[in-house]
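Working through the structure, step by step
Listed below, chain by chain, are the residues.
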Amino acid sequence: MTTIQRIFTVDGKPFFPLGGQTHNSSAYTMEGLEPAWQALSLIGANTAEIPLYWEQVEPKEGQFDWSMLDGLLQAARARDLRLILLWFETWKNGTMKFTPEWVKSNPTRFWRVISSDGQPLGVLSSHCEASFVADRRAFAAMIEYLREHDSAQRTVIAIQIENEPGIIGSDRDYGPEAEQAFQNAVPPPLVQAIADAPDSAATRAWRQHGARTKGTWPELFGREAGEFFTAWRTARYVDGIAQAAKAIYDIPMYTNVWLSENRWRVAGLSYPAGGPTSNTLDIWKWATPHLDLIAPDIYVNNSRLYGEICATYSRDDNALFIPESDRNEAAAINVFSAIAEHNAIGYAPFGIESFLDHQTGSGEALRSEVKPLVESLRCVAAVMPLILRYQGTGKLHAVIQEEFLNEQYLDLGDYLALAIFGNTDRDLARSDFRHYSDETTRGRGLVVQAGERQFYIVGAGYRLVFKKKGSPEAMLSGTQTTDFLVTRLSNYVRVEEGHFGEEGAWVTDRRRGGDESDGGIWAAPDVGVVRVVLGD
Ligand code: DGJ
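Residues numbered from 1 in each chain as written. Predicted model: local features only at pLDDT ≥ 70, side-chain atom pairs only at ≥ 80, totals over all residues. Heavy atoms only, no water.

Some details on the pairing of strand 17 (residues 444-449)
Here strand 17 lies mainly inside the structure; six of its six residues are buried. The two faces of strand 17 match: R444, L446 and V448 on one face and G445, V447 and Q449 on the other face are all buried. Note: strand 17 against strand 18 (residues 454-460), six bridges, orientation antiparallel. Opposite R444, over in strand 18, you have A460 as the bridge partner. The antiparallel pairing of strand 17 with strand 18 creates a hairpin that spans four residues between the two strands. (Buried < 20%, exposed > 50% of the residue type's maximum accessible area, 1.4 Å probe, protein only. Helix = DSSP H or I, 4+ residues; strand = E, 2+ residues; numbered from the N terminus. Pairing = 2+ DSSP bridges.)

Pasting the structure below:
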């Protein structure tokens, strides 16, 4: 049994944000957001992730404009959506693109990161106190506005501070102030945390360099010193903003990650140096007591690597929240692994407007490429009460048709089950035309064991066949029986399709029997949830 930190709540109850993130520049005007609202409604989202731009909210220093924030609150409430605000400030993807003109045009006051070859980069330095103070002041002003205008309704359920912080173009800041700090002693609390950690990338590097309790960054960490130093500085900067904001209005705050698991895996080249990547996550966690989460943006398709990343960011002190992901077929499959195997507490694909099929001109249709993911998200939404109840208990199972996999074995307490993928056994499926809706995408879904004999099934492209566990004699009796008959002889007390209504109560929409259960229990996105009660 895993205890899951339910960071997101609505009306005091655990809430799973299942949403979509807009493209970066959609939120300058309310009109610009229209396609996003349409797409969110078409996919059945409960949450919208939308940026706020520093350059827009503070066009002149000290003068704030909250009209967009106000518009967002009204629009979300009118659509019964919750909001996660993305604070594009000092950092956006390791650069400073959304800072106001008065910041961009004053590099003397708001100084930049200097690269190893002495070039100023388009990245604010985390060593610049003026930048930190200005960012914190704007964020605090925003939080105050939210406290005044949203503390009763709590439309905003969380805020992302910065976006993929770190440095693109250098492993660290080589400017004079940064250079001085780099040659100073590593802060004692960090050294202590590293020494106490049983295993961490920082601890391993520190041991390799002699496990010294005092010394400069290069003395303690060698070639990784620059990245660790940047991680610590960046994390402390972000935490300082969170600390000030939480004192004003306490709502969940997190920052997101441009993962290191891509291309050359070189800090500053393949990903922003100093972000909370897998090798610096511990440093970030030690440095950010005021952040509720560190959340990975997962654009990885390969299921093995996807699982590794989920495992890295799902830990006792960090629940897994995926604020950005792909919208392709791989995402349609991997989302089930994130939720069932890694206890994800929220999920959103990126670029939600791109779900709309603009060819139709009406904005009322979804592009065919996103259909598998949308089907998966609908399946997730359909069993949301069960996800919130059974995550972490071992009773929530992902069905995932990995490459070359024809069937998946599931151990379900008193029963075994086989998830048989595809429409290979057409005779058995023939009776129900609805099961042909998804022939090309790999099988995927969730199986929830809600009682010893009671199961809920959602997904696409598979059927489930159960067999009661027993002594070898009992399980082998009648071995002359073909698999065809095993499926026909399954003893169902009840098979039905339905949905969860108000307060999570089960509502039966349609019963299944005869041909519709003889071949196994089909999961298909257009039938909602299937509930099965088994006999002996
Ligand atoms: C990750 C960033 O966090 C998003 O804002 C956006 O830039 C996407 N990458 C684009 O793919």
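Brief notes about a nonpolar patch on the surface
Together, W264, V266 and L269 make up a nonpolar patch on the protein surface, roughly 370 Å² of accessible area in all. Topologically, V266 is positioned in the loop between strand 9 (253-258) and helix 11 (281-287). Since its relative accessible area comes to 38%, V266 is described here as partly exposed. (Patch = residues over 30% accessible without salt bridge, like charges linked within 9 Å, V, L, I, M, F, W, Y side chains within 5 Å. Areas by Shrake-Rupley, 256 points an atom, 1.4 Å probe, with all protein chains shown as cover. Salt bridge = Lys/Arg side-chain N within 4 Å of Asp/Glu carboxyl O.)

Some points on the layout of surface pockets
The volume enclosed by the largest pocket comes to roughly 1100 Å³. Surrounding the largest pocket, 29 residues form its lining, M384, P385, L388, E503 and G504 being those nearest its centre. Listed by contribution, the elements that provide at least two residues to the lining of the largest pocket are strand 2 (13-14), helix 14 (371-382), helix 15 (384-390) and strand 20 (492-500). Top element by residues in the lining of the largest pocket is helix 15. It accounts for six residues. Residue composition of the lining of the largest pocket, by class: 16 nonpolar, four polar and nine charged. (1 Å grid on protein atoms, 1.4 Å probe; cavity = no way out; pocket = protein on both sides within 12 Å on 5 of 7 lines; lining within 4 Å. Points joined across faces, edges and corners; volume = space filled by probe spheres on them. Nonpolar A, V, L, I, M, F, W, Y, C, P; charged D, E, K, R; others polar.)

What about the side chain of T203?
By the element assignment, T203 lies in helix 8 (residues 201-208). Setting aside anything within four residues of it in sequence, one finds T203 in contact with I194 and A197. (Contact = heavy atoms within 4.5 Å.)

Some remarks on the pairing of strand 15 (residues 407-412)
Burial of strand 15 is one-sided: the residues Q408, L410 and L412 facing one way are buried, the residues E407, Y409 and D411 facing the other way are not. Judged from the six bridges that link them, strand 15 and strand 16 (residues 415-421) form a sheet pairing that is antiparallel. The residue of strand 16 that forms the bridge with D411 is L416. Two successive antiparallel strands, strand 15 and strand 16, enclose a turn made up of two residues, where G413 displays a positive phi of approximately 70°.

Quick word on the site of the ligand
Near the ligand the following residues occur: N24, K92, N93, N163, E164, N256, D297, Y299, E324 and F350. K92 places a polar side-chain atom, nitrogen or oxygen, 2.9 Å from an oxygen atom of the ligand. Across the complex, the protein chains shield 75% of the 300 Å² of accessible surface that the ligand would expose by itself. In the shell around the ligand, the residues fall into two nonpolar, four polar and four charged. (Near = heavy atom within 4 Å. Polar contact = N/O pair within 3.5 Å; in protein donor to acceptor, adjacent residues only side chain to side chain.)

Re the sheet that holds strand 18
Spatial ordering of the open sheet is given by 14-17-18-23-20-21, a layout of six strands whose pairing is antiparallel. Two strands bound the open sheet, and with one partner strand each, they are strand 14 (396-400) and strand 21 (506-511). Adjacent strand axes in the sheet meet at a mean angle of 30° when their direction is disregarded. Sheet strands in contact with helix 13 (residues 329-342) are strand 14 and strand 17, and its direction is about 160° off that of strand 14. (Axes fitted to C-alpha atoms, helices over the stretch in contact; angles between N-to-C directions.)

Description of the packing of aromatic side chains
Within this structure, the stated rule accounts for 24 aromatic pairs. Measuring from ring centre to ring centre gives 6.5 Å for Y299 and F350, while their planes differ by 70°; the resulting arrangement is edge-to-face. With Y299 in the loop between strand 10 (293-298) and helix 12 (303-313) and F350 in the loop between strand 13 (346-347) and helix 14, this residue pair connects regions lying 51 residues apart in the sequence. For F350, a relative accessible area of 16% gives the class buried. Within the aromatic cluster, the residues linked to one another by ring pairs are F182, W217, F221, F228 and F229. We note R172 situated over the ring of Y174; from NZ or CZ to the ring centre the distance is 3.9 Å. When the ring centre of W232 is taken as origin, the NZ or CZ atom of R236, which lies over that ring, is 5.9 Å away. (Phe/Tyr/Trp six-rings, centres within 6.5 Å; stacked < 30°, edge-to-face > 60°. Lys NZ or Arg CZ within 6 Å of the ring centre and 35° of its normal.)

Some thoughts on the sheet that holds strand 15
Judged by pairing direction, the sheet is antiparallel, and its four strands sit side by side in the order 15-16-19-22 without closing on themselves. What marks the edges here is a single partner per strand, and that holds for strand 15 and strand 22 (521-523). The mean angle between the axes of side-by-side strands here comes to 25°, regardless of whether they run parallel or antiparallel. For strand 19 (residues 462-468) and strand 22, the ladder comprises three bridges, and the chain directions are antiparallel. Across the sheet, the residue bridging to L464 is I521, located in strand 22.

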